[in-house]
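Observations on the three-dimensional arrangement
Letter by letter, the chains look like this.
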Amino acid sequence: LNYKIKVKQIVMNDYIVHCLCKYNYEVYSWGNDVYQYGLFGWEGRFKEERPIRNESLSKYKFNTIQISETYCCGLDIDGRLYGWGEHFEMSKPSNINCNDYHVKKVCCGKYMIAYVNDLDGVVLYNNITHMKYSVSCCWDVRDIACGESCVCVVCGKGVVVVSCKGVRVLKLKGSDD
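This section reports on the structure supplied with the text.

1. A look at the overall build of the protein
- Scanning the protein for helices and strands turns up 1 helix and 16 strands.
- At 17 Å, the protein has a C-alpha radius of gyration in line with the 16 Å of a compact globule built from 177 residues.
- Across the 177 residues in the protein, those meeting the buried criterion constitute 46%.
- Counting every atom, the protein has about 9,800 Å² of accessible surface; 48% of that belongs to carbon and sulfur.

Here's what the structure looks like:
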């Protein structure tokens, strides 16, 4: 990358790297999509040895990008969520219907995308079945992280673990609340 480019975010898995620029929303990508999942989000691109401006992803004006082993997702500056790679339209990002809510935070797990909408609702989106599981258990959401089968949310309640088995609130050892 050119040393004058300001990097906002860099995400990677074992195969590919996406680098999001700070001011112009350009995305640079490189790596080897060995299983041809469509991780570049760019039709016909599966291998780049050096960072290249990703013409396909750059036009979406992503505010953040996340990556798992087989797919990626991006949140644009208007709060719209997109997915690409395995189980999506591989050649380009496709919009994920969030029921007219704006998305504030997003993360990728092995089989799901988790996002927080503008009402602090946590939604687990299964990228294979395209089914959604919504939970309204949080307020003041600060961060979200995905695992293989659950999501952890840091919010006003503390740490909330959300899975298909239910919701648990964890108290942090040594905390006063």
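2. A look at the side chain of Asp 76
- Structurally, Asp 76 can be placed in strand E6 (residues 71-76).
- The contact partners of Asp 76, leaving out residues within four places of it in the chain, are Tyr 60, Lys 61, Phe 62, Asn 63 and Tyr 82.

3. Considering the packing of aromatic side chains
- The full count for this structure, using the stated rule, is 7 aromatic pairs.
- Residues Tyr 15 and Tyr 35 carry aromatic rings whose centres are separated by 5.7 Å and whose planes lie at 85 degrees to one another, so their mutual orientation is edge-to-face. One end of the pair, Tyr 15, is in the loop between strand E1 (7-12) and strand E2 (16-21); the other, Tyr 35, is in the loop between strand E3 (27-32) and strand E4 (47-53), with 20 residues separating them in the sequence.
- When its relative accessible area of 21% is taken as the criterion, Tyr 15 is described as partly exposed.
- On the basis of relative accessible area, Tyr 35 is assigned to the exposed category, the value being 51%.

4. Here's the deal with unusual backbone geometry
- Although it is not a glycine, His 87 sits at a positive phi angle of roughly 70 degrees.
- Assignment of secondary structure puts His 87 in the loop between strand E7 (81-85) and strand E8 (94-96).
- His 87 gets classed as partly exposed once you look at its relative accessible area, which sits at 35%.
- One non-glycine residue, Asp 120, adopts positive backbone phi at about 65 degrees.

5. A look at the sheet that holds E1
- Spatial strand order, E1-E2-E3-E4: 4 strands in an open sheet with antiparallel pairing. Of all strands in the sheet, those bounded by a partner on one side alone are E1 and E4. Each strand of the sheet is rotated relative to its neighbour by a mean of 10 degrees, with strand direction disregarded.
- Pairing of E2 with E3, which is carried by 5 bridges, proceeds in the antiparallel orientation. What sits directly across from Val 17, in E3, is Trp 30.

6. With respect to the sheet that holds strand E15 (residues 158-163)
- The antiparallel open sheet is built from 4 strands, whose spatial order is E13-E14-E15-E16. In this open sheet, the two strands that pair with only one neighbour each are strand E13 (143-146) and strand E16 (166-170). On average, adjacent strands in this sheet sit at an angle of 20 degrees to one another, irrespective of strand direction.
- In terms of strand pairing, E15 meets E16 through 5 bridges, oriented antiparallel. Considered in E16, the bridge of Val 161 is made with Arg 168.

7. Observations regarding the environment of Asp 143
- By the element assignment, Asp 143 lies in strand E13.
- Separated by 52 residues in sequence, Asp 143 and Ser 91 have C-alpha atoms that sit 30 Å apart.
- With residues near it in sequence (within four places) discarded, Asp 143 still touches Lys 105, Cys 152, Val 153 and Val 154.

Analysis parameters
- Residues numbered from 1 in each chain as written.
- Predicted model: local features only at pLDDT ≥ 70, side-chain atom pairs only at ≥ 80, totals over all residues.
- Heavy atoms only, no water.
- Helix = DSSP H or I, 4+ residues; strand = E, 2+ residues; numbered from the N terminus.
- Rg over C-alpha atoms; globule rule 2.2 N^0.38 Å.
- Buried < 20%, exposed > 50% of the residue type's maximum accessible area, 1.4 Å probe, protein only.
- Areas by Shrake-Rupley, 256 points an atom, 1.4 Å probe, with all protein chains shown as cover.
- Contact = heavy atoms within 4.5 Å.
- Phe/Tyr/Trp six-rings, centres within 6.5 Å; stacked < 30°, edge-to-face > 60°.
- Pairing = 2+ DSSP bridges.
- Axes fitted to C-alpha atoms, helices over the stretch in contact; angles between N-to-C directions.

Nothing here speaks to function; it is geometry throughout.
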